[in-house]
Amino acid sequence: MPAYVKPIPISLKRHPSLNERWVQDRLAEDPSLLGLGDIILRDRERPQPHAGRLDLLFQDAEEDHRYEVELQLGATDETHIIRTVEYWDIERKRYPQYDHTAVIVAEQITSRFLNAISLFNGQIPLIAIQMQAIQVGEPIGLVFTKVLDQLDRGPEDGEDVATEVTDRSYWEKRASAKMLGLADTLFAELKKIDSRLEPRYTKFYVGTGRDGMPRNFVIFRPKKGFLGIELKLDRADEIDQRLESAGLESFDYLDRWKIYRLKLGERDVRQHVELLRELMKNAHDRRGD
């Protein structure tokens, strides 16, 4: 029978030899420990203009999304929160072509500060992660638990009324020409459904409009390596099965807003344009205007 060794929680803050740099090293070796998906280390101890150094900067391997990560041994405090938000704000202003999320990591995130952090969430994309060091015999492991996730907002019909409106040139800089071209291809299919539809370029997505007003039953998010498309449809087994049979990659269905999210490449659009047109028409008809 295998021997049992009781895991012992330890405090990194009070440990005689382990420190914040040791934690940075572990995360640099294996970014997946944070539970933020397929992310890659971009930088560590990143200098900030007149504001110290950002502990760790990660980027999603496939999307234009960056995570500004600040570590804190022991319990989080006011300066930790302020520093995390400040570095996030600096990075998003320096590199507006990316989406940015602030990430607080601490050994202890108290209910008081969790409540304070929650006030930011919704206005500032922010994730709070509690880490715990555990000793099992000689080795020491790290466990990271997400205690506050980024608020996932779904697009509303009139969202781009309040969202900063841009133009096509903005997306030509942010997305690849190929992915923007795929959005054009699908928009041509949309005009077969309703010739009055027109693209509405905002800072965060390319929406659909008609007669000067938003009609966001479908929106596009062109990236460097793929085209994201979001369709307002009730979830149905038939749709799930058809997407699976076609081999189209789908993100999680957003139950709250009844949205299918797909990740498309050039081959997907070329081979399955009829299916995509049908789904867009269903979303258009579901809206009922």
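Treat the numbers as computed from the prediction; the structure is a model and nothing was measured. (Residues numbered from 1 in each chain as written. Predicted model: local features only at pLDDT ≥ 70, side-chain atom pairs only at ≥ 80, totals over all residues. Heavy atoms only, no water.)

Participant: Could you clarify how one ought to interpret the overall build of the protein chain in this entry?
Facilitator: Counting secondary structure elements, the protein chain contains nine helices and 14 strands. By principal-axis analysis of the C-alpha atoms, the protein chain measures approximately 70 × 55 × 35 Å. Scored against the burial criterion, the 289 residues of the protein chain give a buried share of 45%. In the protein chain, of all internal contacts separated by at least 6 residues, the share reaching a separation of at least 24 is 60%. Accessible area of the protein chain: about 15,100 Å², with a carbon and sulfur share of 49%. Side chains of the protein chain carry 44 positive and 51 negative charges; the gap between the two charge centres is 2 Å. (Helix = DSSP H or I, 4+ residues; strand = E, 2+ residues; numbered from the N terminus. Buried < 20%, exposed > 50% of the residue type's maximum accessible area, 1.4 Å probe, protein only. Contact = heavy atoms within 4.5 Å. Areas by Shrake-Rupley, 256 points an atom, 1.4 Å probe, with all protein chains shown as cover. Lys, Arg positive; Asp, Glu negative; His and termini not counted. Charge placed at Lys NZ, Arg CZ, Asp CG, Glu CD.)

Participant: Even after reading the chapter, I still don't get the environment of Gly207, so can you show me in this structure?
Facilitator: Within the secondary structure, Gly207 is located in strand S9 (residues 206-210). Put simply, Gly207 and Arg221 are 14 residues apart on the chain and 8.8 Å apart in space, counted from C-alpha to C-alpha. In this structure Gly207 touches Phe187, Glu198, Pro199, Arg200, Asn216, Val218 and Ile219, once residues within four positions along its chain are discounted.

Participant: Would you take a moment to explain the side chain of Arg200 for this structure?
Facilitator: Looking at the secondary structure, you find Arg200 in strand S8 (residues 197-201). Accessibility expressed as a relative area gives 18% for Arg200, which makes it buried. Of note is the side chain of Arg200, whose polar atom sits 3.3 Å from the backbone oxygen of Gly212. (Polar contact = N/O pair within 3.5 Å; in protein donor to acceptor, adjacent residues only side chain to side chain.)

Participant: Got a minute to help me understand the packing of helix H6 (residues 177-193) against helix H9 (residues 273-287) in this structure?
Facilitator: A pair of packed helices can be characterised by two numbers: the angle between their axes and the separation between those axes. Contact pair H6 / H9: the axes reach a minimum separation of 10 Å and the direction vectors enclose 50°. Relative to H9, the element H6 lies oblique. Crossing geometry of H6 relative to H9 is assigned as right-handed. Contact with H6, carried on its side by Leu186, Glu189, Leu190, Lys192 and Ile193, involves Val273, Leu276, Arg277, Met280, Lys281 and His284 of H9 and no other residues of that element. (Axes fitted to C-alpha atoms, helices over the stretch in contact; angles between N-to-C directions. Parallel < 35°, antiparallel > 145°, perpendicular 65-115°, else oblique. Left-handed = near helix turned anticlockwise from the far one by under 90°.)

Participant: Is there a simple way to explain H9 in this structure?
Facilitator: One full turn of an α-helix is made of 3.6 residues, so residues set three or four places apart face in the same direction. With 15 residues, H9 ought to run about 21 Å at 1.5 Å a step, and its terminal C-alpha atoms sit 21 Å apart, in line with that. Within the sequence span of H9, burial applies to Leu275, Leu276, Leu279, Met280, Ala283 and His284. Those residues of H9 that are buried are in contact with H6, strand S11 (218-222), strand S12 (227-232), helix H7 (237-246), strand S14 (259-264) and helix H8 (266-271). Just downstream of H9, Gly288 is the residue with a positive phi angle, here 80°. (Expected span 1.5 Å × (residues − 1).)

Participant: Is there a simple way to think about the side chain of Arg46 in this case?
Facilitator: You can see Arg46 is positioned in strand S2 (residues 39-47). A relative accessible area of 12% places Arg46 in the buried class. One polar contact links Arg46 to Glu91, side chain to side chain, over a distance of 3.0 Å. When sequence neighbours within four positions are dropped, the list of residues in contact with Arg46 reads Gly52, Arg53, Leu54, Leu57, Arg66, Glu91 and Tyr95.

Participant: Got a minute to help me understand the confidence of the model for the protein chain in this structure?
Facilitator: Note: predicted coordinates in regions of low pLDDT should not be interpreted at a detailed level. When pLDDT is averaged along the protein chain, the result is 86; 91% of the residues meet or exceed 70. Per-element mean pLDDT across the protein chain ranges from 47 in helix H4 (residues 159-162) up to 95 in H6. Every residue in residues 155-162 scores below 50 in pLDDT, and together they form 21 contacts with partners more than four places removed in sequence or on other chains. (pLDDT = per-residue confidence, 0-100.)

Participant: Sorry if this is basic, but what is going on with unusual backbone geometry here?
Facilitator: Excluding glycine, residues mostly carry a negative phi; peptide bonds, for their part, are mostly trans. The phi angle at Glu45 is positive, at roughly 50°, despite the residue not being glycine. Position of Glu45 relative to the elements: it lies in strand S2. Here Glu45 falls in the partly exposed class, since its relative accessible area comes to 23%. Here Asp211, not a glycine, exhibits a phi torsion of approximately 55°, which is positive. Among the secondary structure elements, Asp211 is positioned in the loop between S9 and strand S10 (213-214). Assessed through its relative accessible area of 57%, Asp211 is described here as exposed.

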